Amino acid sequence: MENSRAQFPFPYQPYNIQEEFMQALYSALDKGKVGIFESPTGTGKSLSLICGALSWLTDYEERKRQEAAALLQEGEAALSTNAAQSSAVSSSAELDWITDFVQKKAEHDLVSKLKEEELKRKKREERLEMIRNNVQLKYAVKRKSYEEDEAFKLLQLSKEEQVEATGDQEDEELIIAEYESDDESKIKSRFFGAEKDEDDELVEEHVTKIYYCSRTHSQLAQFVHEVQKSPFSKDISVVTLGSRQNLCINEEVRQLGSIQRINDRCMEMQKNKHEKHHHEEGVKRKRGPAKSVCPYNKASALQQMRDVVLGAVHDIEQLLKLGRETHSCPYYSTRLAIPPAQLVVLPYQMVLHEATRRAAGVQLKGQVLIIDEAHNLSDTLSCIHSAELSGAQLCCAHSQLSQYADRYKSRLKAKNLMYIKQILFVIEGLVRVLGGKVGQSPQSQTTQPGTEMLTINNFLFKAQIDNINLFKLQRYFEKSMISRKLGGFVEKYAGSGVTLHTHCNNKENRRTEGLNRYLQTLQSNQNPGTVPSADQQESVETEKVLSASPMMQVEGFFMALTNSNTDGRVVVHKQGSLSESSVKFLLLNPAVHFAQVLEECRAVIIAGGTMQPVSDFKQELLFSAGVGEERITEFSCGHVIPPENILPLVLCSGPSGQELEFTFQNRDTPRMMDETGRILSNICNVVPGGVVCFFPSYDYSKRIISHWEASGTLTRLANKKKIFQEPKKANQVEQVLNEFSRCIQRCSADCSGLTGALLFSVVGGKMSEGINFSDDLGRCVVMVGMPYPNIKSPELQEKMSYLDKHLPHSQGRSPGQALIENICMKAVNQSIGRAIRHRGDYSSVVLCDRRYSRPATLSKLPTWIKDRTTTHTTFGPAFAALRKFFLEKKQKKA
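Residues numbered from 1 in each chain as written. Predicted model: local features only at pLDDT ≥ 70, side-chain atom pairs only at ≥ 80, totals over all residues. Heavy atoms only, no water.

**Q** Could you clarify how one ought to interpret the side chain of K618 in this entry?
**A** Position of K618 relative to the elements: it lies in helix α26 (residues 614-622). There is a polar contact of 2.7 Å between the side chain of K618 and the side chain of E634. If near-sequence neighbours (up to four positions away) are discounted, K618 is found in contact with I36, F623, E629, I632 and E634. (Helix = DSSP H or I, 4+ residues; strand = E, 2+ residues; numbered from the N terminus. Polar contact = N/O pair within 3.5 Å; in protein donor to acceptor, adjacent residues only side chain to side chain. Contact = heavy atoms within 4.5 Å.)

Have a look at this one:
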């Protein structure tokens, strides 16, 4: 029997499409489906997800309570009936006493279990109710923290006054503990039992919950704010998860900067905390300086903060504020809050990457997962599970690990030394594949330029490491935490390796500046290669420089090599010198890592503003993961705006009759660039406010703007609208957007010669996703050409070849060809979706390329845009339609 709802709690009267969305979502969750939900930006998708999903969750919990109560009643009745029957049983039935005993025991066990579950549920609800209503309890932890203030300050003071001890004992925290293989651990736990952690008492049973994940922390924060505005904000327990970099409040750790170094220090402090606990129990501590522990990581404070977190809805900023007020770690408190929470908000990585999911305590079995902003889910999965290492990183890791092993060889157990030798051997093999040798400067070693694509097995043979068990090495990395140990070693003895035995100053910046300089010189001459966007490239390079040791990246690459031979490829990229060369693992089958998520979850909802084209998405990510057609459900709604509020046009030719086809061959010709300038000039004459123009790439943007500067076109455009360009640095985006917005507001207010502003952006750049050009900020979006990916990319060619081999052909085209078209149109859909952000908004979309008029291409546009798109073979009628559109809006406004 299908369960449904007539009405959904909502903060205001929902639109019809929102009600339809919530009904479809409720049904998908109830039936345990994999749902693909498309709802354009501006249609209230987040609120529809919240109210639809939480309505189902509350109904589901209520049904479970009623069913459990009915079962309990039946069980108790059966027990009493059996008791009456057994007292009146004849002696002839005594032979059936075993059957009777087994039946009674089963019934008794069922009743006991139901009673226990009901008791747990009541306790959980009573505690949450007490937290929400009792302000005194809610802030008890805050009061307690004030009492601990003095002790906290004394602890910090004592740390500052610690004198760094000399001799081998000071490096005790850097030594890898005695390693036990899985078999040895099983034997030990069988005979001696597993060790119990002091934090185990805080772990609870997981209730039925909804995991909501999105790409960025800003998107997650926006979602949490929508939850706070929803009717469920007072009744639902919500927890927001983040990385240590986002949630750490220990300034000593935060100032380390990079994610890897923050993680390393936090884990080291965690280990010191547990060692301190053992010492307090009477275990004798070795001589040496007191080890640093985190003052925010105390079991009682964590538990109290967890309760406060569950009592109200908090975003990341509020969690940080709460953590500072209560001297409790938000990172660990939120993880403790996962089991009893009903809604868990977290970034993609924590759900889609199994090791990260396991480390965070996220359990998907029988739960609901909502993946938002999922238009690039396949690419995201591939990216998360891919790995790349440069020759410079490999040489650096080998040098550091060799020096670590040499320094502590007398203190490391034989098994540790054996595994370290294996790691060094594998790294030597990887360097050998790149045409270099370890022990020499990577910059001075030349390699023959070229790119080679290998299967995993062929790569292992080529590197002569096929005899190494990478699965065992992977387990060793995880259990021994060698990457973190090595990071601490390098941080302590910073430098290029020459001054390792020199006594170092213990000030953080002094300790690390030598290593950072060394790593920077290794990276300075590297060619970034084909990277999707400049800000991603910038963050990757920054991370490389800040990383204390590249061993974490080495570990990631080793893990990638344990994928199935058919699911990935290794790209060997030689670029003249060893330091610039690289090995890259490319995941070709993201479905293999998504399959476990789909199998474990009760239901999975994949949502986005534009999910087209759905057929290829289903084929590559769902069918390939073993999901049957019967489990998949689709929902797509139109926009809330009236049809007359959007004007999408396909331009096949420009004002002078020049045919518009921005292929690689003819887009750089002067006549094509001049014609594009004339189109923009005409558009700026009739469109008020802001015009956003998207170019297919950064290179083309630079070339065409330079041409316009020389020809005077840019000056003519600047006479109508002030010109802005997408900045190269991500941290400058907000500043440019603010200036763009202020300029448009000034122009609409003072009626000077300018009619607004013109913003030049790039498809796939910083302003093509997640930026809102609502109202006057985006009255027209212009798309110059079609942003096809670089077909000559070896990675893309391999992906196309893989799809052609493993997926069926459709409508006379190969899956590889479909991939190229889909990458292009997904990027277009994201860019043109920046305008029209609410019901009263209006905008025009001008697609400048005759190839947009092809039926197969038009079909990949979002339905609400495709249904209203008109194609114009000549410029005159298109320009007339554009002018009429804005004249009508002006008259209506007046």
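Having seen the model, we can carry on.
**Q** I tried to follow the side chain of T562 on my own but got confused; where do I start?
**A** By the element assignment, T562 lies in the loop between α24 (551-560) and β8 (568-575). Here the side chain of T562 touches Q474 through a polar contact of 3.4 Å, side chain to side chain. Side-chain polar atoms of T562 contact the backbone oxygen of M559, separated by 2.5 Å. Filtering out sequence-adjacent residues up to four positions away, T562 remains in contact with L470, F471 and Q474.

**Q** Help me understand empty space enclosed by the protein in this model?
**A** The gaps of empty space that remain are located by a probe, the size of a water molecule, rolled over the atoms. Within the structure shown, the criterion is met by seven cavities of 30 Å³ or more. What lines the largest cavity is a set of 14 residues, and nearest its centre among them are C248, C266, C294, C329 and Y332. Listed by contribution, the elements that provide at least two residues to the lining of the largest cavity are α10 (259-280) and α13 (330-336). For the lining of the largest cavity, the leading source of residues is α10, giving three residues. (1 Å grid on protein atoms, 1.4 Å probe; cavity = no way out; pocket = protein on both sides within 12 Å on 5 of 7 lines; lining within 4 Å. Points joined across faces, edges and corners; volume = space filled by probe spheres on them.)

**Q** I keep staring at the packing of helix α20 (residues 470-480) against helix α21 (residues 482-492) and nothing clicks. Help me out?
**A** Helix-helix packing is characterised by the crossing angle of the two axes and by the distance between the axes. At a minimum axis distance of 6 Å, the contact between α20 and α21 shows a crossing angle of 55°. Judged by the inter-axis angle, α20 sits oblique to α21. Seen from α20, the contacting residues are Y476, F477 and S480; seen from α21, they are I482, S483 and K485. Tallied by class, the residues present in the contact of α20 with α21 amount to three nonpolar, two polar and one charged. (Axes fitted to C-alpha atoms, helices over the stretch in contact; angles between N-to-C directions. Parallel < 35°, antiparallel > 145°, perpendicular 65-115°, else oblique. Nonpolar A, V, L, I, M, F, W, Y, C, P; charged D, E, K, R; others polar.)

**Q** Just checking my understanding: could you explain the packing of helix α27 (residues 670-686) against helix α28 (residues 698-711) for this structure?
**A** It is at 10 Å that the axes of α27 and α28 come closest, and there the two elements cross at 80°. Taken together, the axes of α27 and α28 are roughly perpendicular relative to one another. Contacts from P670, M673, D674, T676, G677 and L680 of α27 reach α28 at Y700, R703, I704, H707, W708 and S711. Residues that form the contact of α27 with α28 fall into these classes: six nonpolar, four polar and two charged.

**Q** What's the story with the packing of aromatic side chains in this structure? I'm lost.
**A** Applying the stated criterion to the full structure yields 23 aromatic pairs. A centroid spacing of 5.1 Å and a plane angle of 70° characterise the contact between Y404 and Y408, whose relative ring orientation is edge-to-face. Placement of both Y404 and Y408 in helix α17 (residues 391-408) is noted, with a separation of four residues, approximately one turn of the helix. Judged on exposure class, the residue Y404 and its partner Y408 are both buried. Looking at R667, its charged tip hangs above the ring of Y700, at a distance of 4.9 Å from the centre. (Phe/Tyr/Trp six-rings, centres within 6.5 Å; stacked < 30°, edge-to-face > 60°. Buried < 20%, exposed > 50% of the residue type's maximum accessible area, 1.4 Å probe, protein only. Lys NZ or Arg CZ within 6 Å of the ring centre and 35° of its normal.)

**Q** Explanation requested: unusual backbone geometry in the structure shown.
**A** The backbone of Q464 sits at a positive phi, close to 60°, despite the residue not being glycine. Looking at where Q464 falls in the secondary structure, it is placed in the loop between α19 (456-462) and α20.

**Q** Explanation requested: the sheet that holds strand β10 (residues 603-608) in the structure shown.
**A** Hydrogen bonds between backbone atoms are what pair the strands of a sheet, whose relative direction is either parallel or antiparallel. Strand order in this open sheet of seven strands is β3-β4-β2-β5-β10-β1-β11, and the pairing throughout is parallel. Two strands close off the open sheet at either side, each with one partner strand: β3 (238-240) and β11 (632-636). Going across the sheet, the axis of each strand differs from the next one's by a mean of 15°, ignoring polarity. When strand β5 (residues 368-371) meets β10, the two strands line up parallel, connected through four bridges. Across the sheet, residue I371 finds its bridge partner in β10, namely I606. On the sheet, helix α7 (residues 217-229) packs against β2 (210-214), β3 and β4 (343-347) and is oriented at approximately 160° with respect to β4. (Pairing = 2+ DSSP bridges.)

**Q** What is the right way to read the sheet that holds strand β18 (residues 870-872) from this model?
**A** Across the sheet, which stays open at both edges, the seven strands sit in the order β14-β15-β13-β16-β17-β12-β18 with parallel pairing between neighbours. Each edge of the sheet is formed by a strand with only one pairing partner; in this case those strands are β14 (721-725) and β18. This sheet shows a mean twist of 20° between the axes of neighbouring strands, independent of strand direction. In this sheet, strand β15 (residues 756-762) lies alongside β14 in parallel orientation, the contact comprising five bridges. Across the sheet, Q725 pairs through a bridge with F760, a residue of β15. Sheet contacts for α27: β12 (646-651), β13 (689-695), β14, β15, β16 (780-784) and β17 (843-848); angle to β16, the most-contacted strand, approximately 175°.

**Q** Whenever I open this one, the nonpolar core confuses me. Can you help?
**A** Soluble globular proteins tend to pack their nonpolar side chains together in the buried interior. Residues I371, L377, F594 and I606 are the most contacted members of the largest nonpolar core, which totals 63 residues. Excluding residues that lie within four positions of it along the chain, I371 makes contacts with C213, Y348, L352, L377, F594, V604, I605, I606 and A607. Core analysis: the next-biggest nonpolar cluster, separate from the first, contains 51 residues, Y419, I420, F557 and L587 among them. (Core = buried A, V, L, I, M, F, W, Y, C linked by side-chain atoms within 4.5 Å.)

**Q** I'm lost on the pairing of β15 in this one. Help?
**A** Side chains on a regular strand alternate between the two faces of the sheet. For β15, the tally of buried residues reaches seven of seven residues, placing the bulk of the element in the interior. Where β13 lies against β15, seven bridges are found, and the strand directions are parallel. Looking across to β15, one finds that F694 is bridged to S761.

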